[in-house]
Amino acid sequence: MADTALTAPPRSPLSHAAERLAAATRTSGGAIRLAELPFLSQINVRLDAKGTAAAAVGLALDLPLPLEPNTVVRAGELTALWLGPDEWLLVGPPGSERDLESRIREATGDEPVSVTDVSAQRTTLLVAGPRARDLLAHGCPLDLHPRAFGTGRCAQTTLGRTQVVLVARDEPRAGFWVLVRSSFAGYLADWLLDAATEYI
C-alpha cells in the first residue's frame, strides 16, 4: 500500500510572492507594508443570532459574536467578523481550527448550527502603513475614509475585481486584512504590487 502521508510542509498560496511583497515594503520607505499571513484558521459559523446558541458560543470562545452589521470583535488571538444576520467568520491562529470547531459544537449542543472549517479556502494579505487606505482605494468601491470604514469594521467587497473580505484592524497602525480565495491570491498580490509602484 502506498504511503499517503504528507512528506513536505504545506505551501501557502503566496509563498512564491513573499520576497516581492517584502521588497515592495522595503522600497516604499515605510509608506506601505505588504505581507501574507498564511494558514490562519477560519471557521464559518451560521446560527440564529437571537437564539441561545449565539450566547453559548460567545461564552465558549470568550468572544461575543458581533451583532451590528459589518463589525468585528476581537479577544486575544481570536477575531469574529459579521458576514450576515446569521453568519460569522472566526479567524484564529494557525492550527486552532479543530479546537474552535469542537468548542462551538459543544457549546451549541442540540441547537441548529452550521460550523465549517474554511481555512484552506482563503489566505490573508496584510496591507498596512500610512498609505494603506490610498493603495486599497485604487481598486475598492467602498469609501475607505476612517469616518466611513474605521477600525473594527469589515465588509465583503471587491478589490481589483476580486471578491474579498476586507477588515480594518482594531488599531489604526495595524492596517487591513484582505481575505482572498486562494485561487485568486496570486492575481491580487500582483495587482497590489502594481498599484504600490506609486509609493516605491
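Residues numbered from 1 in each chain as written. Predicted model: local features only at pLDDT ≥ 70, side-chain atom pairs only at ≥ 80, totals over all residues. Heavy atoms only, no water.

**Student:** Any chance you could explain the pattern of salt bridges here in plain terms?
**Tutor:** Opposite charge on two side chains permits them to pair, given that their charged atoms come into close proximity. Under the counting rule described, the total for this entry stands at nine salt bridges. With a closest N to O distance of 2.7 Å, Arg26 and Glu19 form a salt bridge. For Arg20, the salt bridge goes to Asp190, with nearest N and O atoms at 2.8 Å. Of the two residues, Arg20 is situated in helix α1 (residues 18-27) and Asp190 in helix α5 (residues 182-195); the sequence distance between them amounts to 170 residues. In the salt-bridge network here, residues are joined through shared partners; they are Arg46, Asp86 and Glu87. (Salt bridge = Lys/Arg side-chain N within 4 Å of Asp/Glu carboxyl O. Helix = DSSP H or I, 4+ residues; strand = E, 2+ residues; numbered from the N terminus.)

**Student:** What should I look at first to understand the sheet that holds strand β4 (residues 78-84) in this one?
**Tutor:** Across a sheet, paired strands are connected by hydrogen bonds in the backbone, their directions being either parallel or antiparallel. The strand order β3-β4-β5-β2-β6 describes an open sheet built from five strands, whose pairing is antiparallel. Of all strands in the sheet, those with a lone pairing partner are β3 (72-75) and β6 (114-117), marking the two edges. Going from strand to strand, the sheet's axes swing by 20 degrees on average, the running direction of each strand aside. Here strand β2 (residues 41-46) runs beside strand β5 (residues 87-92); their pairing, made up of six bridges, is antiparallel. Within β5, the residue paired with Gln42 across the bridge is Val91. (Pairing = 2+ DSSP bridges. Axes fitted to C-alpha atoms, helices over the stretch in contact; angles between N-to-C directions.)

**Student:** I tried to follow the side chain of Glu36 on my own but got confused; where do I start?
**Tutor:** Looking at where Glu36 falls in the secondary structure, it is placed in strand β1 (residues 33-37). Summary of buried charges: Glu36 has no salt-bridge partner, and the nearest side chain of opposite charge, Arg11, is 9.2 Å away. Only 2.7 Å separates the side chain of Glu36 from the side chain of Ser12, close enough to count as a polar contact. From its side chain, Glu36 meets the backbone nitrogen of Leu14 in a polar contact 3.5 Å long. In this structure, Glu36 is in contact with Ser12, Pro13, Leu14, Ser15, Leu21, Thr123, Thr124 and Leu125, ignoring residues within four places of it in sequence. (Buried < 20%, exposed > 50% of the residue type's maximum accessible area, 1.4 Å probe, protein only. Lys, Arg positive; Asp, Glu negative; His and termini not counted. Polar contact = N/O pair within 3.5 Å; in protein donor to acceptor, adjacent residues only side chain to side chain. Contact = heavy atoms within 4.5 Å.)

**Student:** Just checking my understanding: could you explain unusual backbone geometry for this structure?
**Tutor:** Only a minority of non-glycine residues have a phi that is not negative, and only a minority of peptide bonds are not trans. With a phi angle near 55 degrees, Asp62 is a residue other than glycine that sits in the positive phi range. Among the secondary structure elements, Asp62 is positioned in the loop between α2 (52-61) and β3. Residue class for Asp62 comes out exposed when judged on its relative accessible area of 64%. Phi is positive for Arg161, close to 65 degrees, though the residue is something other than glycine. Positionally, Arg161 belongs in the loop between β8 (153-159) and β9 (162-168). Residue classification places Arg161 among the exposed residues on the basis of a relative accessible area of 82%.

Limitation: the analysis is restricted to geometry and does not speak to function.
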